[in-house]
Amino acid sequence: MNTRLEIAIGIALQTQVLRICPIHNQLYCDQEHYSDDENMARAFAVAVELVNQHQPYAEEFHHDAHVLTDLLSSTIGAAPDRCPECLPPPHSDVTRLSDQSSEAYASR
Ligand SMILES: [Zn+2]
């Protein structure tokens, strides 16, 4: 794992956008207990502050906070909703929910 990725994951964990399964040590994105947008906004704020105000981070990212925020987005986007080694969600529920929301959208 490279330094930049470690920093991005560290921020995501600190702001609770990402979590680590205590059993399997796998990263995942906890979307059940926290609103995505709020935590993402906090994670980006921390990222920008680190790059702008802390020299080691500034050097690592060449004073460009966007490099870190982009990395954060892709890291968070790639994380599964829950630990992949814990029980997977039932597929029937997922299908039903997405059908309902597409119907609601179409009726507007
Ligand atoms: Zn697990």
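In case you missed it, the structure is sitting above this.
Just so you know, these numbers come straight off a predicted model, no measurement behind them.

Conventions used here
Residues numbered from 1 in each chain as written. Predicted model: local features only at pLDDT ≥ 70, side-chain atom pairs only at ≥ 80, totals over all residues. Helix = DSSP H or I, 4+ residues; strand = E, 2+ residues; numbered from the N terminus. Contact = placed C-beta atoms within 7 Å. Buried ≥ 20, exposed ≤ 12 C-beta atoms within 10 Å, placed from the backbone. Axes fitted to C-alpha atoms, helices over the stretch in contact; angles between N-to-C directions. Parallel < 35°, antiparallel > 145°, perpendicular 65-115°, else oblique. Expected span 1.5 Å × (residues − 1). Core = buried A, V, L, I, M, F, W, Y, C linked by C-beta atoms within 7 Å.

## Comments concerning the overall build of the protein chain
A count of helical and extended segments in the protein chain gives 5 helices and 2 strands. Going residue by residue from the N terminus, the α and β elements of the protein chain occur as α-β-β-α-α-α-α. When contacts within the protein chain are restricted to residue pairs at least 6 apart in sequence, long-range pairs at least 24 apart make up 62% of them.

## Looking at unusual backbone geometry
Both trends apply: most residues other than glycine have a negative phi, and most peptide bonds are in trans. With a phi angle near 55°, H62 is a residue other than glycine that sits in the positive phi range. Counting through the fold element by element, H62 comes out in the loop between helix 3 (55-60) and helix 4 (65-78). For H62, a count of 8 C-beta atoms within 10 Å translates into the label exposed. Even without being glycine, H63 reaches a positive phi, approximately 60°. By the secondary structure assignment, H63 is in the loop between helix 3 and helix 4.

## Structural notes on the packing of helix 1 (residues 3-14) against helix 4
Packing of helix 1 against helix 4 brings their axes to within 9 Å, and their N-to-C directions diverge by 70°. As far as their axial angle goes, helix 4 and helix 1 are roughly perpendicular. Contact residues: helix 1 offers R4, L5, I7, A8, I9, I11 and A12, while helix 4 offers L68, L71, L72, T75 and I76.

## Description of helix 1
The end-to-end C-alpha distance of helix 1, which contains 12 residues, comes to 16 Å, matching closely the 16 Å that a straight helix rising 1.5 Å per residue would cover. Those residues of helix 1 not exposed but buried are I7, A8, I9, I11 and A12. Once helix 1 ends, the next one or two residues include Q16, with phi positive near 65°.

## Here we look at the nonpolar core
By size, the foremost hydrophobic cluster in this structure holds 18 residues, and its most contacted members are A8, I11, A12, L18, L68, L72 and I76. If you tally residues by element for this core, the top one is helix 1, at 5 residues. Beyond its immediate chain neighbours, meaning those up to four positions away, L18 contacts I9, A12, L13, L27, Y28, C29, I76 and A79.

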